Amino acid sequence: MTTYDDRASLTDLTAVVERVRGSVEGVIEGKPEVVRLSLTVLLAEGHLLIEDVPGVGKTMLAKALARSIDCSVRRIQFTPDLLPSDITGVSIWDQQRQDFEFKPGAIFAQVVIGDEINRASPKTQSALLESMEERQVTIDGKTYELPSPFLVVATQNPVEMEGTYPLPEAQRDRFMARVSVGYPSPEAELRMLDVHGGVSPLEDLQPVAHAHEIVKLIEAVRGVHVSEAVRRYTVDLVAATRTHPDLRLGASPRATLHLLRAAKASAALDGREYALPDDVQALAVAVLAHRLLPTAQAQLNRRTAEQVVQEILQRTPVPAAPRQQSGFGLGHGTPAYPQQPPRRL
């Protein structure tokens, strides 16, 4: 396996992320924070859940991100009659070979767009569990590896809307982050009328990055340093969700890992080779809230999971910045906070 120097990767591949960011923001007007979170999940090797009401650009965001990268893309339209084999694939008897031949399903792509995932039955939703966690599919006792990079971007409507099934806890836990696009500002909506009023910008959208460049970026993100203090802070935040009186289900150890990976990707996006508590705080709601289940009393009091996470962030002590080397730096002899301005990635 080829190894990449982390610092060189962060420097040399800055233009790659800027191209992808600019490409997606050219389609999604006035939502830079949503685009940033999408890139964070991509570089952290996670999966993204986009939840909002119809018509705000959920599918367009997923398509724009997929088309901005030169890689294989498949879209799955989730409906009540969708079968698990439509996603994973099926073995078909070949008369000429006198043997079963495996026909890959839609999951065998580098970017998989799951449109309205909560309109399919729980049985069909469960077909994604193995692929999202282990990046493989097992059919008839044989395991097939999925390509790299592998990203699932799923959209869903709020569960209160007609014809939806709530995602099982195990399914929600496999999504690194959940984001809500929200309505645009009046200024952004006016720009949208100018840009989208004639021809959809998706039609002219061309790939601005190759899959192998994304793989190199992911390798660089893996090398971002996380100090013991930041790791402990991450664990404390997640552990607090398991004992909070307003929650009947707290975050899992997988959530801890996802929060740490996302923090490393966020640091790389800011051009830093070390993660800060600020990175963890900025992503805590997006990474943790969709995994939590409020108690019945909390629901009666209209307490949301997002509010609980915000409360935990306020109550959990934040580690202080170290005065010299070890702390948040990259190694022995490295200052805790480099004096040069950070590179934008």
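Summarised in this report is the structure supplied together with it.

Calculation criteria
- Residues numbered from 1 in each chain as written.
- Predicted model: local features only at pLDDT ≥ 70, side-chain atom pairs only at ≥ 80, totals over all residues.
- Heavy atoms only, no water.
- Helix = DSSP H or I, 4+ residues; strand = E, 2+ residues; numbered from the N terminus.
- Buried < 20%, exposed > 50% of the residue type's maximum accessible area, 1.4 Å probe, protein only.
- Contact = heavy atoms within 4.5 Å.
- Areas by Shrake-Rupley, 256 points an atom, 1.4 Å probe, with all protein chains shown as cover.
- Axes fitted to C-alpha atoms, helices over the stretch in contact; angles between N-to-C directions.
- Left-handed = near helix turned anticlockwise from the far one by under 90°.
- Nonpolar A, V, L, I, M, F, W, Y, C, P; charged D, E, K, R; others polar.
- Patch = residues over 30% accessible without salt bridge, like charges linked within 9 Å, V, L, I, M, F, W, Y side chains within 5 Å.
- Salt bridge = Lys/Arg side-chain N within 4 Å of Asp/Glu carboxyl O.
- Polar contact = N/O pair within 3.5 Å; in protein donor to acceptor, adjacent residues only side chain to side chain.
- Expected span 1.5 Å × (residues − 1).
- Pairing = 2+ DSSP bridges.

## Overview of the overall build of the protein chain
Thinking step 1. Regarding its fold elements, the protein chain presents 15 helices and 13 strands.
Thinking step 2. Taking all 345 residues of the protein chain together, 50% fall into the buried category.
Thinking step 3. Considering only intrachain contacts with a sequence separation of at least 6, the fraction spanning at least 24 residues in the protein chain is 78%.
Thinking step 4. Summed over all atoms, the accessible surface of the protein chain reaches about 16700 Å², with 52% contributed by carbon and sulfur.

## What about the packing of helix α11 (residues 228-243) against helix α12 (residues 253-269)?
Thinking step 1. It is the contact of α11 with α12, at a shortest axis distance of 10 Å, that shows an interaxial angle of 140°. The hand of the α11/α12 crossing is right-handed. The residues of α12 that touch α11, namely those facing Arg231, Thr234, Val235, Val238 and Arg242, are Pro253, Thr256, Leu259 and Leu260.
Thinking step 2. Looking at the contact of α11 with α12 residue by residue, the classes come out as five nonpolar, two polar and two charged.

## So, a nonpolar patch on the surface
Thinking step 1. Taken together, Leu190, Met192 and Leu193 make up a surface patch of nonpolar side chains, about 280 Å² in accessible area.
Thinking step 2. Structurally, Leu190 can be placed in helix α9 (residues 186-196).
Thinking step 3. The class for Leu190 is exposed, based on a relative accessible area of 55%.

## A few points about unusual backbone geometry
Thinking step 1. A cis amide bond, omega -5°, links Ser148 with the succeeding residue Pro149.
Thinking step 2. Checked against the element boundaries, Pro149 lands in the loop between β8 (142-145) and β9 (151-156).
Thinking step 3. Even without being a glycine, Gln98 presents a positive backbone phi close to 55°.
Thinking step 4. Its identity as a non-glycine residue notwithstanding, Glu116 has a phi of 55°, on the positive side.
Thinking step 5. Mapped onto the elements of the fold, Glu116 is located in the loop between β6 (111-115) and α6 (122-125).

## Some details on the side chain of Gln136
Thinking step 1. With respect to the helices, strands and loops of the structure, Gln136 is situated in strand β7 (residues 136-139).
Thinking step 2. Within the local environment of Gln136, its side chain forms a polar contact with the side chain of Glu130, the two groups lying 3.2 Å apart.
Thinking step 3. Polar contacts involving the side chain of Gln136 include one to the side chain of Glu134, which spans 3.1 Å.
Thinking step 4. Non-local contacts of Gln136, meaning those with residues more than four positions away in its chain, are made with Glu130, Ser131, Thr143, Tyr144, Glu145 and Leu146.

## Observations concerning helix α10 (residues 211-222)
Thinking step 1. Helix length check: α10, at twelve residues, gives a terminal C-alpha distance of 17 Å against a target of 16 Å (1.5 Å per residue), a fit within 8%.
Thinking step 2. Here α10 has its buried residues at Ala211, Glu213, Ile214, Leu217, Ile218, Ala220 and Val221.

## Considering the pattern of salt bridges
Thinking step 1. Taken as a whole and judged by the stated rule, the model has 19 salt bridges.
Thinking step 2. A salt bridge links Asp270 to Arg36, with the nearest nitrogen and oxygen atoms 3.3 Å apart. Residue Asp270 is located in the loop between α12 and α13 (277-288), and its partner Arg36 is located in helix α3 (residues 32-43); the two are separated by 234 residues in the primary sequence.
Thinking step 3. Between Glu45 and Arg222 there is a salt bridge, with the nearest N and O atoms lying 2.6 Å from each other. Here Glu45, found in the loop between α3 and β1 (48-51), pairs with Arg222, found in helix α10; they are 177 residues apart in sequence, far enough to count as distant.
Thinking step 4. Where salt bridges share partners, they join Arg36, Asp270, Arg272 and Asp279 into one cluster.

## Brief notes about α12
In an α-helix, one full turn covers 3.6 residues, which means residues spaced three or four apart are oriented alike.
Thinking step 1. Helix length check: α12, at 17 residues, gives a terminal C-alpha distance of 25 Å against a target of 24 Å (1.5 Å per residue), a fit within 8%.
Thinking step 2. The buried fraction of α12 is high, at 13 of 17 residues.

## Thoughts on the pairing of β9
Thinking step 1. Judged by how many residues are buried, β9 sits mostly within the fold: six of six residues are covered.
Thinking step 2. Of the two faces of β9, the one lined by Leu151, Val153 and Thr155 and the one lined by Val152, Ala154 and Gln156 are each fully buried.
Thinking step 3. Sheet topology note: the β1/β9 ladder contains four bridges and is parallel. Directly across from Leu48, in β9, lies its bridge partner Val153.
Thinking step 4. Relative to β9, β6 runs parallel, the two being bridged by four bridges.

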